Amino acid sequence: MTPRLKVVQRICVACLLISLVFPAVDARAVAQTAKVPKPEFEFLPPTSVSIFPVFFVSSDQPNPPRQEAELLMRHLQWAQRWFLEQLKGGGTFEIFGSQPYLLRGRHPLAHYVALPAGERAPVHLEELLEHFEFSRFNCPFIFVIIVDEKKERPAGGRPINSGFNGGGGIVQMSRAELTKSPGFQSTLRHELGHSFGLQHVSLYDYDMKTNRSTMAYNQQNRTNKLQESPTPAILIPEDIRALALNDRVFPRLEFDPQKHVPAGYSLSPRMSPLPPMKLPNHPDDKVTVVSRSGEEATSRAQNLVRRRIVPNERNEANRQGINYDPSSMWHSDDTKTPWRTLEVTFPVETRLTAIRIHSQHSGRVHPVRKFRLSVF
């Protein structure tokens, strides 16, 4: 059963709210000994999310030496301290366990290398989720996956689901990068930022080559092995503002303009999380909204699924005080009947616990007067 929600009325709405076996561990190999928790819920996000380091070893490859595991943990602990310093008393992320987890994949290395670039991370992640019996929704970890490819490939990081606070995530880097790249730490911080939901600073119209944020590509900020850059990267106010929305990773962080925004700094009004991943054998993390009642004034019904309510900023310079934002609202067509219909489809069976309708624009136009609900 895929439940759908039908909402009715003439309105302008602002927002609606593998079978895997452990390899023998020799003197050079490491394996995680901390007990991995069972999912708290079947489909709901976990109450907290921590960083889980993993060596993903292909079926025909040797175990990594202990030195590499120790090096990875040193980098993660350094990144942990760096975020703590940058967040000015707002805490930092937690690391699960004291050693990386050693997971042997289903296939030989050639199989994974032959995958298109955009499919490697989802395939690795899907094997991890199945091994630990997690769904994309209830995974309590951001997996930092070190794959045993011989070449340095572009690293990547992103949340598994949508929104800034949607649950787990992934960072994927190669063993070659861990052992050979002087800038591994800088890349790790950058990709961790993506896994927390951060976008590149180009979102705010900042220069990717010169901005000091860890979410830029400023070569002057690159670390050198285990040494910090003379001009270290920082978290800019826009980064901190977004991280404060990720309560599962940073429960103590609250964005305070007095503390986090320097005097004279012009804070960008833009804010947008990375989109969810496409995962094989998992439903998409997407709630779809359609309407048979039309979409007027360049608005879209799908705009209602935004994971946050956009502030209503009335323009009093306009005599009527009307401020209509079609990119964040849905405006129905004008039809003969006073009722308007929305159909909302969730990716999994969903228990509906509350409905709050934020209607009108500018606080004046097209309020919801009546509401009717049907479940299919």
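First, a word on scope: everything that follows refers to the structure included in this document. Keep in mind that what you see is a predicted model, and the values were worked out from it rather than measured.

**Quick look at the packing of aromatic side chains**
Under the criterion given, the structure shown has 19 aromatic pairs. Measuring from centroid to centroid gives 5.9 Å for phenylalanine 134 and phenylalanine 141, while their planes differ by 65 degrees, and the two rings are edge-to-face. Since its relative accessible area comes to 2%, phenylalanine 141 is described here as buried. An angle of 50 degrees between the planes, with centres 6.0 Å apart, marks the rings of tyrosine 204 and tyrosine 206 as tilted. By relative accessible area, which is 21% here, tyrosine 206 ends up partly exposed. Through a chain of ring-to-ring contacts, the aromatic side chains of Phe52, Phe96, Tyr101, Phe132, Phe134, Phe141 and Phe143 assemble into a single cluster. Here the guanidinium or amino end of arginine 372 rests over the ring plane of tryptophan 339, the centre of that ring lying 4.5 Å away.

**Some thoughts on the nonpolar core**
In this structure, Phe83, Phe93, Leu192, Phe196, Leu243 and Phe250 are the most contacted members of the largest nonpolar core, which totals 40 residues. Looking at this core, the elements that each hand over two or more residues are β3 (50-57), α1 (66-86), β5 (141-147), β7 (169-174), α5 (184-195) and α6 (237-243). If you look at the next biggest cluster of nonpolar residues, it comprises 24 residues, including Phe52, Val54, Phe96 and Met277.

**Brief notes about the pattern of salt bridges**
Side chains bearing opposite charge may pair, as long as their charged atoms lie close to each other. Going through the model one piece at a time under the given rule, you end up with eight salt bridges. When the shortest N-O distance is used, the salt bridge between glutamate 133 and lysine 38 registers 3.7 Å. Highlighted residues: glutamate 133 in the loop between α3 (117-132) and β5 and lysine 38 in the loop between β2 (12-16) and β3, separated in sequence by 95 residues. For glutamate 133, a relative accessible area of 55% translates into the label exposed. Exposure remark for lysine 38: the relative accessible area of 60% places this residue in the exposed category. The closest approach of N and O atoms between lysine 278 and aspartate 284, which form a salt bridge, is 2.8 Å.

**Considering the environment of glutamine 86**
Looking at where glutamine 86 falls in the secondary structure, it is placed in helix α1. Among the polar contacts listed, one links the side chain of glutamine 86 to the backbone nitrogen of leucine 235, at a separation of 2.9 Å.

**Section: the side chain of glutamate 126**
Within the element layout of this structure, glutamate 126 appears in helix α3. No salt bridge is formed by the buried glutamate 126; its nearest oppositely charged neighbour, arginine 106, is found at 4.1 Å. Contacts of glutamate 126, omitting those with residues within four sequence positions, involve Arg106, Pro280, Asn281 and His282.

**Some details on α3**
Every buried residue of α3 is accounted for by Arg120, Pro122, Val123, His124, Leu125, Glu126, Glu127, Leu128, Leu129 and Phe132. Here the buried face of α3 lies against β3, β4 (101-104), α2 (109-114), β5 and β7. Directly beyond the C-terminal end of α3, a positive phi value near 60 degrees is found at glutamate 133.

**As for the sheet that holds strand β6 (residues 156-159)**
Sheet architecture is open: five strands sit in the order β4-β3-β5-β7-β6, paired in mixed fashion. Because the sheet does not close on itself, it has two edges, and the strands there are β4 and β6. The mean inter-strand angle of the sheet, taken between neighbouring strand axes irrespective of direction, is 20 degrees. In this sheet, β5 lies alongside β3 in parallel orientation, the contact comprising seven bridges. By the bridge assignment, serine 50 is partnered in β5 with phenylalanine 141. Of the strands in this sheet, β3 and β5 are in contact with α1, which crosses β3 at around 155 degrees.

**A word on the pairing of β4**
What you see with β4 is no split at all: Tyr101 and Leu103 on one side and Leu102 and Arg104 on the other are buried throughout. Bridge count for β3 against β4 is four bridges, and the pairing is parallel. Bridge pairing in β4 links valine 54 to tyrosine 101.

**Observations regarding the layout of surface pockets**
Over the atoms, a rolling probe the size of a water molecule traces out where space has been left empty. If you add up the space inside the second largest pocket, you get close to 410 Å³. Of all the secondary structure elements, the ones that give two or more residues to the lining of the second largest pocket are α3, β6 and β7. A per-class count over the lining of the second largest pocket returns ten nonpolar, five polar and five charged.

**Quick notes on the environment of aspartate 205**
With respect to the secondary-structure elements, aspartate 205 resides in the loop between α5 and α6. Among the residues examined, aspartate 205 registers a relative accessible area of 58% and is labelled exposed. For the pair aspartate 205 and arginine 270, spaced 65 residues apart in sequence, the C-alpha to C-alpha distance is 9.5 Å. A distance of 3.4 Å separates a polar atom in the side chain of aspartate 205 from a polar atom in the side chain of arginine 270.

**Considerations on empty space enclosed by the protein**
Quantified by volume, the largest cavity comes out at close to 50 Å³. The residue inventory of the lining of the largest cavity, partitioned by class, reads four nonpolar, eight polar and no charged.

Conventions used here
- Residues numbered from 1 in each chain as written.
- Predicted model: local features only at pLDDT ≥ 70, side-chain atom pairs only at ≥ 80, totals over all residues.
- Heavy atoms only, no water.
- Phe/Tyr/Trp six-rings, centres within 6.5 Å; stacked < 30°, edge-to-face > 60°.
- Buried < 20%, exposed > 50% of the residue type's maximum accessible area, 1.4 Å probe, protein only.
- Lys NZ or Arg CZ within 6 Å of the ring centre and 35° of its normal.
- Core = buried A, V, L, I, M, F, W, Y, C linked by side-chain atoms within 4.5 Å.
- Helix = DSSP H or I, 4+ residues; strand = E, 2+ residues; numbered from the N terminus.
- Salt bridge = Lys/Arg side-chain N within 4 Å of Asp/Glu carboxyl O.
- Polar contact = N/O pair within 3.5 Å; in protein donor to acceptor, adjacent residues only side chain to side chain.
- Lys, Arg positive; Asp, Glu negative; His and termini not counted.
- Contact = heavy atoms within 4.5 Å.
- Pairing = 2+ DSSP bridges.
- Axes fitted to C-alpha atoms, helices over the stretch in contact; angles between N-to-C directions.
- 1 Å grid on protein atoms, 1.4 Å probe; cavity = no way out; pocket = protein on both sides within 12 Å on 5 of 7 lines; lining within 4 Å.
- Points joined across faces, edges and corners; volume = space filled by probe spheres on them.
- Nonpolar A, V, L, I, M, F, W, Y, C, P; charged D, E, K, R; others polar.

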